Amino acid sequence: MIELKEIRKSYDVGKQKLEVLKSIDLHIEAGELVSIMGSSGSGKSTLLNIIGILDEYDSGDYTLNDTLIKNLSERKAAFYRNRFLGFVFQSFNLLSFKNALENVALPLYYQKVRRKKRNIKAMEYLDMVGLKEWAEHMPGELSGGQKQRIAIARALIADPKVILADEPTGALDSQTSFEVMEIFKEVNDAGKTILIVTHEDDIAHKTDRIIKLRDGIIVDEEIAIAS
Ligand code: ADP
Ligand code: MG
C-alpha cells in the first residue's frame, strides 16, 4: 500500500542544509495498523507529510496504492490526496462555525455530493464513532475526545485507502487517548490501513507495529505485543 525507497529530505536553513530524512525505506501493507515513534524533531511529521502528499521529497521513490507519487502537479497531488488519504491532526482542525454533522460531511461537500445524501452518510459515520446524539452541536461545545472522534469520522467518510494521523492523542488526557486508540483499532479491524505518528510509548504499543525514527533514520522496528 505504502512503499518508500531511499527517501531523502532536507531543508535549507540559512546557507546550511538540514538533513531531516536520511534514506528512509519503509513498506506498509494494506490493513496494517502502524505507528511511527520518535522524539520531537526526529522527522516524524516530515515523513508523514511526504506520505500524505502534503510535502515533496528530494530523492528516492514513494509509491502509494501502486501509484508513483513523484513530481506531481498540485492538481494531481490533490486528486491522489482526496482519493487515497484521510487525515487526523493533534489539533482536530474542525471548522468552528460548522456543527458536528457538517464537519463530518465536509469531504463530501468538496466532492459535490448533494446535501441530503451527504448528511445521511455523515450521520452514519457519527454513529460509528458514538456521537449520533451530538450531530447538531458546535465544536466549542464538545470535549477534546469528542472532537477527535469527529475528526476521525470526517477522515473516513470519503472511504480513503489510508488514514494518516499526526499525534492524534497529543492534546488528550490518557483515558481519552486510549478511547481514541480504541476507535482507530475498530476502524483498522474493519480493514482500513492506519499510520499513527506519536512520541508516546503507550500509544505506540496500541498499534501492531512500531517504526522507530531517530534523527531521520529508522533505527528499529518492533512487532508490538497487544496491550
Ligand atoms: P517531529 O515531527 O518528529 O517533531 P519534524 O518532522 O517536524 O519532526 O521536524 C524534523 C526537523 O526538521 C526539525 O529539526 C525541524 O526543526 C525541521 N523542520 C521541519 N520543517 C521545517 C521547515 N519547513 N524548514 C526548516 N526546518 C524544518
Ligand atoms: Mg511532529
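Okay, so let's go over this structure. (Residues numbered from 1 in each chain as written. Chains lettered and ligands numbered in written order. Predicted model: local features only at pLDDT ≥ 70, side-chain atom pairs only at ≥ 80, totals over all residues. Heavy atoms only, no water.)

### A few points about the overall build of the chain
And step 1. The number of helices and strands found in the chain is seven helices and ten strands.
And step 2. A compact globule built from 227 residues would reach a C-alpha radius of gyration of about 17 Å, and the chain, at 18 Å, matches this within 12%.
And step 3. Along the longest, intermediate and shortest principal axes, the C-alpha atoms of the chain span 50 × 40 × 35 Å.
And step 4. Each of the 227 residues in the chain was classed as buried or not, and the buried ones make up 48%.
And step 5. If you take every contact in the chain between residues at least 6 apart in sequence, the share linking residues at least 24 apart comes to 67%.
And step 6. Side-chain charges of the chain comprise 31 positive and 35 negative groups, with the mean position of each set lying 9 Å from the other. (Helix = DSSP H or I, 4+ residues; strand = E, 2+ residues; numbered from the N terminus. Rg over C-alpha atoms; globule rule 2.2 N^0.38 Å. Buried < 20%, exposed > 50% of the residue type's maximum accessible area, 1.4 Å probe, protein only. Contact = heavy atoms within 4.5 Å. Lys, Arg positive; Asp, Glu negative; His and termini not counted. Charge placed at Lys NZ, Arg CZ, Asp CG, Glu CD.)

### Notes on the side chain of Thr207
And step 1. Mapped onto the fold, Thr207 is located in the loop between helix H7 (201–204) and strand E9 (209–214).
And step 2. Owing to a relative accessible area of 2%, Thr207 belongs among the buried residues under this scheme.
And step 3. One polar contact links Thr207 to Ser35, side chain to side chain, over a distance of 2.8 Å. (Polar contact = N/O pair within 3.5 Å; in protein donor to acceptor, adjacent residues only side chain to side chain.)

### A few points about the environment of Gly14
And step 1. Here Gly14 lies in the loop between strand E1 (2–13) and strand E2 (16–28).
And step 2. Under the relative-accessibility criterion, Gly14 is labelled exposed at 73%.
And step 3. Placed 114 residues apart in sequence, Gly14 and Met128 show a C-alpha to C-alpha distance of 48 Å.

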